[in-house]
Structure formats: C-alpha cells, structure tokens
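Architecture and fold: a report
Each chain is listed here by its residues.
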Amino acid sequence: QVTLVESGGGLVQAGGSLRLSCVASGGTFSRYAMGWFRQAPGKEREFVAGIIRGGGSTPYADSVRGRFTISRDNAKNTVYLQMNSLKPEDTAIYYCYAHQITGYTYWGQGTQVTVSS
C-alpha cells in the first residue's frame, strides 16, 4: 500500500510561481512512474505531467509545457511540480499519482492551487 501526500498549493497571482511536492510512503518509490493530474470545478480530471521511474522521460500536457517542470528525488521519495507563469486557468485541485508496472495507480488527496487574475 502506497500513501501519497501532496503539499505546496495555495493562492498566487497570475504570473507567479508555486512548487508542489508529493511524498510517497509504503512502497519502493523508484519502482513507480509518478506524475500529476488536476481537476478544475465542473471539469474532468486531466493529465498535467509525468515522470518515469528513472526520470528520463517527462511528458507534459500541451497547456503547461514550457511553464511547468516535473522532477523526482528517489532518495527523498518525492516528486515535484514547479509551476511558473501561472494563469487563472491553472486553478484546480492537483493530484499526485504513483503508477505501478502492473497497472495499478495510487492517488494522493490533492492540493488546491488558485491563481487570481
């Protein structure tokens, strides 16, 4: 059983930055592909960014590419999402995930990001 705990969300003005963190416990962190989804009010959950076990591949949603950067520190069991040049449309609850090669995915409880115009 893997537990994921996100932090770093908050209220920021448009153009500002935030860094989200997700700490994993209860599993072998380096075995999981990690990443972030988000869900805005009234919308479906959407993929934001991912990072494979070794960190070499980092796909991004088109809407965040060039502004967000995902990284991981396997020694700290932590995945990060650096978010720059934030826009009001980035407002959402951001969820961390850990994906096993077997196909099972664990989810965190989410952290709220609000970007004011």
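Note that this is a predicted model, so its numbers are computed, not measured. (Residues numbered from 1 in each chain as written. Predicted model: local features only at pLDDT ≥ 70, side-chain atom pairs only at ≥ 80, totals over all residues. Heavy atoms only, no water.)

1. Looking at the pattern of salt bridges
To be explicit about the condition: For salt bridges, the criterion is a side-chain nitrogen of Lys or Arg within 4 Å of an Asp or Glu carboxyl oxygen. For the purposes of this entry, the term helix denotes a DSSP run of H or I that reaches at least four residues, the term strand denotes a run of E that reaches at least two, and both are numbered from the N terminus. Summary of the burial criterion: residues with accessible area below 20% of their type's maximum are buried, those above 50% are exposed, and those between are partly exposed, where the area comes from a 1.4 Å probe applied to protein chains only.
The final tally for this structure, using the stated rule, is 4 salt bridges. In this structure, the salt-bridge partner of Asp 90 is Arg 38, at a minimum N-O distance of 2.9 Å. With Asp 90 in the loop between β7 (78-83) and β8 (92-99) and Arg 38 in strand β4 (residues 33-39), the pair connects residues that are 52 residues apart, well separated along the chain. Residue class for Asp 90 comes out buried when judged on its relative accessible area of 1%. For the salt bridge of Arg 65 with Asp 62, the shortest nitrogen-to-oxygen distance reads 2.6 Å.

2. Quick notes on empty space enclosed by the protein
Going by this rule: A cavity, in this analysis, means grid points on a 1 Å lattice covering only the protein atoms where a 1.4 Å probe fits yet has no way out; a pocket is instead an open set bounded by protein on both sides within 12 Å along at least five of seven lines, and a residue lines either one if it has an atom within 4 Å of a point. Grid points are joined across faces, edges and corners, and a volume is the space filled by probe spheres set on the points. When residues are sorted by character, Ala, Val, Leu, Ile, Met, Phe, Trp, Tyr, Cys and Pro go into the nonpolar class, Asp, Glu, Lys and Arg into the charged class, and all the rest, Gly among them, into the polar class.
Counting across every chain of the model gives 1 cavity of 30 Å³ or more. Considered as a void within the structure, the largest cavity measures approximately 40 Å³ in volume. Residue lining of the largest cavity: Val 2, Leu 4, Ala 24, Ser 25, Gly 26, Gly 27, Thr 28, Phe 29, Tyr 32, Met 34 and Ala 98, and that is the complete set. Here the lining of the largest cavity is built from residues that sort into 7 nonpolar, 4 polar and no charged.

3. Examining the state of the cysteines
Which entries qualify depends on this criterion: Only a pair of cysteine sulfur atoms within 2.5 Å counts as a disulfide in this structure description.
For the coordinates displayed, the defined rule picks out 1 disulfide. There is a disulfide in this structure between Cys 22 and Cys 96, and the S-S distance comes to 2.1 Å. Across the S-S bond linking Cys 22 and Cys 96, the dihedral sits near -80°, which makes this disulfide left-handed. Residue Cys 22 is located in strand β3 (residues 18-25), and its partner Cys 96 is located in strand β8; the two are separated by 74 residues in the primary sequence. With respect to burial, Cys 22 and Cys 96 carry one shared label: buried.

4. Concerning the nonpolar core
Note the following rule: Put simply, buried Ala, Val, Leu, Ile, Met, Phe, Trp, Tyr and Cys residues joined by side-chain atoms within 4.5 Å make one nonpolar core.
Counting 31 residues, the largest nonpolar core has Leu 4, Met 34, Trp 36, Val 79, Leu 81, Met 83 and Tyr 94 as its most contacted members. Counting residues per element, the ones that place at least two in this core are β3, β4, β5 (46-51), β6 (68-73), β7, β8 and β10 (111-116).

5. Remarks on the sheet that holds β6
Quick reminder of the rule: Strands are treated as partners if at least two bridges between them are detected by DSSP. Working convention: axes come from line fits to C-alpha atoms, limited for helices to the stretch in contact. Angles between N-to-C directions cover 0 to 180 degrees.
Strand order in the open sheet made by the 4 strands is β1-β3-β7-β6, with antiparallel pairing throughout. Edge strands, defined here as strands with exactly one partner in the open sheet, are β1 (3-7) and β6. Taking the axes of each pair of neighbouring strands and ignoring which way they run, one obtains an average angle of 15° across the sheet. Across 5 bridges, the pairing between β1 and β3 is antiparallel. Paired with Thr 3 across the strands is Ser 25, a residue of β3.

Function cannot be inferred from these measures alone, as they are strictly geometric.
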